[in-house]
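A structural walkthrough
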Amino acid sequence: MLFALATNPLGVPFLQADNAISVAVVGVGVFGRNHARVYKELEQQGDPVRLVGVVDPNLDRADAVAREFGCRAFGSVAQMLITHGEIRAASVAAPTVHHLGVARSLIEAGIDVLIEKPLAASLDEAQELVRLAAKHKRIAQVGHLERFNPAVRATIPLLTQPMFFEVHRLSVFTPRSLDVDVVLDLMIHDLDIVLSFVNSPVKEVRAVGLPILSGKVDIANVRLEFESGCVANFTASRVSTERVRKLRFFQPHQYLSVDYGRQEVLVFTVGADGAAGSPTVNPQIKVARPPVTSEEPLHAELRSFLHAVRQRSTPVVPLEDGQRSLALALDIVGAIRAHGKKVGLAGIAKGKS
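What to know about the overall build of the chain
If you tally the helices and strands in the chain, you get 10 helices and 17 strands. Within the chain, buried positions represent 50% of all 353 residues. When the accessible surface of the chain is split by element, carbon and sulfur atoms take 54% of a total near 16,200 Å².

Structure follows, in structure tokens:
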């Protein structure tokens, strides 16, 4: 036996601490290669994990990544499973349209999965993934990376009653992920964060977007109103001349600014006696910079996933959270289509690619 099993209080088996978890990565484009890199780095750092193989229908790409990180290359999940039954967990970084098919094969083979965002190509497919994971009792996590950003983690204890968000995620154009609108490519990160911060149902969606350099929407602006009364404005672009990843929000007596890229948080507190922070030009306002321990978010995400696999515990970002973010993103895409129809932008209204 390569893996000794113990039992947790619920009677569900989990791996002993000294047993390395054998992992694989399916889809080794830009994102998938990074998953392979981080698994290998964790292995080299002494974490109980072992990168066994990578899967990609492009065998040249699979071979190159396998050579780079010292593992096996496979052209399909089926080929890998025939020869390597010891694999216990896998990252699914294939194109979104293949998430359900790839994850189904892995889950039915008894393998725990981390599925990159967006969770699936449709809500029906997302629901099927939730059903499959529950049926086969598999750990299944969604790759909403910003949940593991140290700046986001440092912000969570500071939340009181967020009432207004302003979020910008701007990127330069690259010929990547052009099979989906910018809402599903980039904005979905921030939708997931705001949904987790606000914890209230969405009441209204207003959105506009345009294709600029691709056949899909490349730039979008969205306004959400929540049942709690909170309002959030989002701007996402993949045709910017600069890269910006910032989230700002107001809550009673406070304004907080989160810089995802710099992994920094600033907290401005108004008129609170004894509030932490340094005085500003306005004596009624203090500014504080909460401590943030810098870490690559993907390292934190994969460590968290492997912990859930080992302990058979609920992941930090379960499939239901990915399903919730996907549902909102698709509502926004629908609102953009409706706006395009209203103003006579036929390509957007029909959703042509």
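Topic: helix H4 (residues 99–108)
Of all the positions in H4, only His99, Leu100, Val102, Ala103, Leu106 and Ile107 are classed as buried. Burial along H4 is one-sided: seen end-on, the buried residues are contained in an arc of 165°. Positive phi appears at Gly110, one or two residues downstream of H4, with a value of about 85°.

Some words on the packing of aromatic side chains
Following the criterion strictly, the structure yields 5 aromatic pairs and no others. Seen from their ring centres, Tyr255 and Phe268 are 5.4 Å apart, and the 25° between their planes marks the pair as stacked. Remark: Phe268 occurs in strand S15 (residues 264–270) and Tyr255 occurs in strand S14 (residues 254–259); sequence separation between them is 13 residues. What links up through ring pairs into an aromatic cluster is the set Phe164, Phe250, Tyr255 and Phe268.

Some remarks on the sheet that holds strand S7 (residues 112–116)
Reading across the sheet, the 6 strands line up as S5-S4-S3-S6-S7-S8 and stay open at both edges, with parallel pairing between neighbours. Two strands in the sheet have a free side with no partner beyond their single neighbour: strand S5 (72–74) and strand S8 (140–143). Taken over all neighbouring pairs, the strand axes of this sheet differ in orientation by 25° on average, direction set aside. Sheet topology note: the strand S3 (residues 21–26)/strand S4 (residues 49–55) ladder contains 6 bridges and is parallel. Across the sheet, Val25 pairs through a bridge with Val54, a residue of S4. The strands that helix H1 (residues 30–44) touches are S3, S4, strand S6 (89–92) and S7; relative to S4, the one it contacts most, it runs at about 155°.

A few points about the pattern of salt bridges
All chains considered together, the criterion is met by 24 salt bridges. The residue Asp185 makes a salt bridge to Arg238 at a minimum N-O spacing of 3.3 Å. One end of the pair, Asp185, is in helix H7 (residues 182–198); the other, Arg238, is in the loop between strand S12 (231–237) and strand S13 (244–251), with 53 residues separating them in the sequence. The two residues Asp185 and Arg238 agree in class, both being buried. Three or more residues joined by partner-sharing salt bridges are found here, namely Lys117, Asp185, Asp218 and Arg238.

Describing the side chain of Asp112
Along the chain, Asp112 falls in strand S7. Within the structure, Asp112 has its side chain in polar contact with the side chain of Arg312 (distance 2.6 Å). Beyond its immediate sequence surroundings of up to four residues, Asp112 is in contact with Arg88, Ala89, Ala90, Arg138, Ile139, Phe305, Val309 and Arg312.

Quick word on the side chain of Asp192
For Asp192, the position within the fold is in helix H7. Separated by 3.3 Å, the side chains of Asp192 and Ser325 make a polar contact.

Quick word on the packing of H1 against helix H2 (residues 59–69)
Taken N-terminus to C-terminus, the directions of H1 and H2 make an angle of 20°; their axes are 10 Å apart at the nearest point. The pairing of H1 with H2 is recorded here as roughly parallel in orientation. Like other packed secondary-structure pairs, H1 and H2 cross with a definite hand, here right-handed. Contact residues: Arg33, Ala36, Arg37 and Lys40 in H1; Val65, Glu68 and Phe69 in H2.

Brief notes about the environment of Pro150
Mapped onto the fold, Pro150 is located in helix H6 (residues 150–155). When its relative accessible area of 8% is taken as the criterion, Pro150 is described as buried. C-alpha separation for the pair Pro150 and Arg262, spaced 112 residues apart in sequence, amounts to 9.8 Å. Here Pro150 is in contact with Gln263, Val292, Thr293, Ser294, Glu295 and Pro297, once residues within four sequence places are set aside.

Quick notes on the rules
Residues numbered from 1 in each chain as written. Predicted model: local features only at pLDDT ≥ 70, side-chain atom pairs only at ≥ 80, totals over all residues. Heavy atoms only, no water. Helix = DSSP H or I, 4+ residues; strand = E, 2+ residues; numbered from the N terminus. Buried < 20%, exposed > 50% of the residue type's maximum accessible area, 1.4 Å probe, protein only. Areas by Shrake-Rupley, 256 points an atom, 1.4 Å probe, with all protein chains shown as cover. Arc of directions from axis to C-beta. Phe/Tyr/Trp six-rings, centres within 6.5 Å; stacked < 30°, edge-to-face > 60°. Pairing = 2+ DSSP bridges. Axes fitted to C-alpha atoms, helices over the stretch in contact; angles between N-to-C directions. Contact = heavy atoms within 4.5 Å. Salt bridge = Lys/Arg side-chain N within 4 Å of Asp/Glu carboxyl O. Polar contact = N/O pair within 3.5 Å; in protein donor to acceptor, adjacent residues only side chain to side chain. Parallel < 35°, antiparallel > 145°, perpendicular 65-115°, else oblique. Left-handed = near helix turned anticlockwise from the far one by under 90°.

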